[in-house]
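Survey of secondary and tertiary structure
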Amino acid sequence: MTTNLATYSVVLTYSAMAVYVIAFIAFALDMAKRSGDVTAAAKNAGADSDDAAAAGASREAKTVATVRGGTVVLEQVAAPPVNGSGSGRSTKFERVGMAMTILALVLHVASVVLRGIAADRVPWGNMFEFSLTGTALITLIFLLVQFWQNLKFLGVFITGLTIILLGIATVNYWVPVVPLQPALQSYWLVIHVFVAIAGTGFFALGAGLAVAQLVQTYRQGRTASGKLRFMATLPDADRLEVLTYRVLLVGFVLWTFTLIAGAVWAERAWGRYWGWDTKEVWTFIIWVVYAGYIHARATRGWRGARSSWLALIGFAAVMFNFSVVNVFFKGLHSYSGL
């Protein structure tokens, strides 16, 4: 019975990957259509040099509160354009991409559930299961965030990242269902690891926004260029920076809890809160990078591209921790199952 459920879980995983590929293609076609629409509108309006006018953009000033040197400052930030991702309007390809993403997530979650039932425990006891559950949670966070802010333009980034991580997991990390190691047989496994996965989901979303902010900054600095016209349908660089900060702030809070919960669990399991184990060190490094990002952004000197690069360095540290530290470094946290 356990073997059958584990097999069905793998089949559902591959099915979810196939649907994610369809979603990725739909989101990519949406980007291409946005570019074509902007170009066509520019020609019709006879104003190629003004992307905002060509795209029919209508921007309003929006007040955003930021912190500088301990003082709250109100700033006027351009609101996202009325067309594209800044409004409730969406293209056919975007709707297909979202529908396929939801379908893929349903299959994905079903594979996670079957893996958990087969193992008779939470499905994140090794690298394969962590990857399976983590990518599902990243996609779920992406979908839930849409109720707060229209970030569907990140669909191509999120589905692409999910496909890559799931592909690596199924090819390199898959292991049969086995019982948990004694050190992992604790309720802290549910709390500590789940919150870490959730924090990683917000870091991934923030990384996507940081990339968009860097591209938008590049485009806005070259208004005479006809490249990257689809970016005219996205929020401007200032707005993307604010969104990046807000998303990463949530991830940082979750990662802080992860660090604290890990220390408490370590004391329960090994009789000490901190031991400079490789995994502990890299978890702390990630925390320091994002703490530095939040602190640096609160000062005027680290706004714009520099803060986005720091956000991407933080996500690179997260990916290094996931793909290298978990697999190649030996220590008390060697639970990859490989």
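To keep things clear, this report deals only with the structure shown in the data block. (Residues numbered from 1 in each chain as written. Predicted model: local features only at pLDDT ≥ 70, side-chain atom pairs only at ≥ 80, totals over all residues. Heavy atoms only, no water.)

Considerations on the overall build of the chain
- Of regular secondary structure, the chain possesses nine helices and two strands.
- Starting at the N terminus and walking to the C terminus, you meet the elements of the chain as α-α-β-β-α-α-α-α-α-α-α.
- Expressed as a percentage of its 338 residues, the buried residues of the chain come to 51%.
- Partitioning the contacts of the chain with sequence separation of at least 6, the portion at a separation of at least 24 is 77%.
- A total accessible area of about 15,300 Å² is found for the chain, and carbon and sulfur atoms account for 68% of it. (Helix = DSSP H or I, 4+ residues; strand = E, 2+ residues; numbered from the N terminus. Buried < 20%, exposed > 50% of the residue type's maximum accessible area, 1.4 Å probe, protein only. Contact = heavy atoms within 4.5 Å. Areas by Shrake-Rupley, 256 points an atom, 1.4 Å probe, with all protein chains shown as cover.)

Digging into unusual backbone geometry
- Phi is positive for Asp 120, close to 60 degrees, though the residue is something other than glycine.
- Of note, Asp 120 is situated in the loop between helix 3 (92-119) and helix 4 (127-145).
- Given the relative accessible area of 70%, Asp 120 is considered exposed.

A look at the packing of aromatic side chains
- Throughout the structure, instances matching the rule amount to 12 aromatic pairs.
- Relative to Trp 276, the ring of Trp 274 lies with its centre 5.5 Å away and its plane at 90 degrees, an arrangement referred to as edge-to-face.
- Trp 276 sits in the exposed class, given a relative accessible area of 63%.
- Members of the aromatic cluster, joined through ring pairs, are Phe 252, Trp 274, Trp 276, Phe 284 and Trp 287.
- Over the ring of Phe 93 we find Lys 92, and its NZ or CZ is 5.5 Å from the ring centre. (Phe/Tyr/Trp six-rings, centres within 6.5 Å; stacked < 30°, edge-to-face > 60°. Lys NZ or Arg CZ within 6 Å of the ring centre and 35° of its normal.)

Some thoughts on the nonpolar core
- Counting residues in each nonpolar core, the largest one holds 75 residues, and the members touching the most others are Leu 151, Phe 153, Phe 203, Leu 205, Leu 209, Tyr 290 and Phe 315.
- Mapped onto this core, the elements with two or more residues apiece are helix 1 (2-45), helix 3, helix 4, helix 5 (155-173), helix 6 (188-220), helix 7 (237-270), helix 8 (278-297) and helix 9 (305-328).
- It is helix 6 that contributes the most residues to this core, 15 residues altogether.
- With residues up to four places along the chain from it excluded, the contact list for Tyr 290 reads Phe 203, Leu 248, Phe 252, Ala 311, Gly 314, Phe 315 and Val 318.
- Ranked by size, the runner-up nonpolar core spans five residues in total, among them Leu 5, Ala 6, Leu 114 and Ala 118. (Core = buried A, V, L, I, M, F, W, Y, C linked by side-chain atoms within 4.5 Å.)

Topic: the pattern of salt bridges
- Going through the model one piece at a time under the given rule, you end up with six salt bridges.
- Residue Glu 129 is joined to Arg 115 by a salt bridge in which the shortest nitrogen-to-oxygen separation is 2.9 Å. In this pair, Glu 129 is assigned in helix 4 and Arg 115 in helix 3, connecting sequence segments 14 residues apart. In terms of burial, Glu 129 and Arg 115 fall into one category: buried.
- Two residues, Glu 241 and Arg 297, come together in a salt bridge whose shortest N-O distance is 3.9 Å. (Salt bridge = Lys/Arg side-chain N within 4 Å of Asp/Glu carboxyl O.)

Some points on the packing of helix 5 against helix 6
- Their axes nearest at 10 Å, the elements helix 5 and helix 6 cross at an angle of 130 degrees. Taken as axis vectors, helix 5 and helix 6 run oblique relative to one another. Handedness of the crossing formed by helix 5 with helix 6: right-handed. Between helix 5 and helix 6, the residues in contact are Phe 157, Ile 158 and Leu 161 and Ala 204, Leu 205, Ala 207 and Gly 208, respectively.
- Along the lines of polarity and charge, the residues of the contact of helix 5 with helix 6 split into six nonpolar, one polar and no charged. (Axes fitted to C-alpha atoms, helices over the stretch in contact; angles between N-to-C directions. Parallel < 35°, antiparallel > 145°, perpendicular 65-115°, else oblique. Left-handed = near helix turned anticlockwise from the far one by under 90°. Nonpolar A, V, L, I, M, F, W, Y, C, P; charged D, E, K, R; others polar.)

Digging into the packing of helix 5 against helix 9
- The N-to-C vectors of helix 5 and helix 9 enclose an angle of 10 degrees; their axes lie 13 Å apart at closest approach. Between helix 5 and helix 9, the angle is such that the two are roughly parallel. From helix 5, Leu 161, Leu 165 and Tyr 173 reach across to helix 9, where they touch Phe 315, Met 319, Phe 322, Ser 323 and Val 327.
- Split by residue class, the contact of helix 5 with helix 9 holds seven nonpolar, one polar and no charged.

Thoughts on a nonpolar patch on the surface
- A surface patch of nonpolar side chains, amounting to about 560 Å² of accessible area, comprises Tyr 273, Trp 274, Trp 276, Phe 284 and Val 288.
- Inspection of the secondary structure puts Val 288 in helix 8.
- Accessibility expressed as a relative area gives 39% for Val 288, which makes it partly exposed. (Patch = residues over 30% accessible without salt bridge, like charges linked within 9 Å, V, L, I, M, F, W, Y side chains within 5 Å.)

So, the side chain of Thr 244
- On the secondary structure map, Thr 244 appears in helix 7.
- For Thr 244, a relative accessible area of 1% gives the class buried.
- Discounting residues that sit within four places of it in the chain, Thr 244 has contacts with Gly 206, Leu 209, Ala 210 and Tyr 293.

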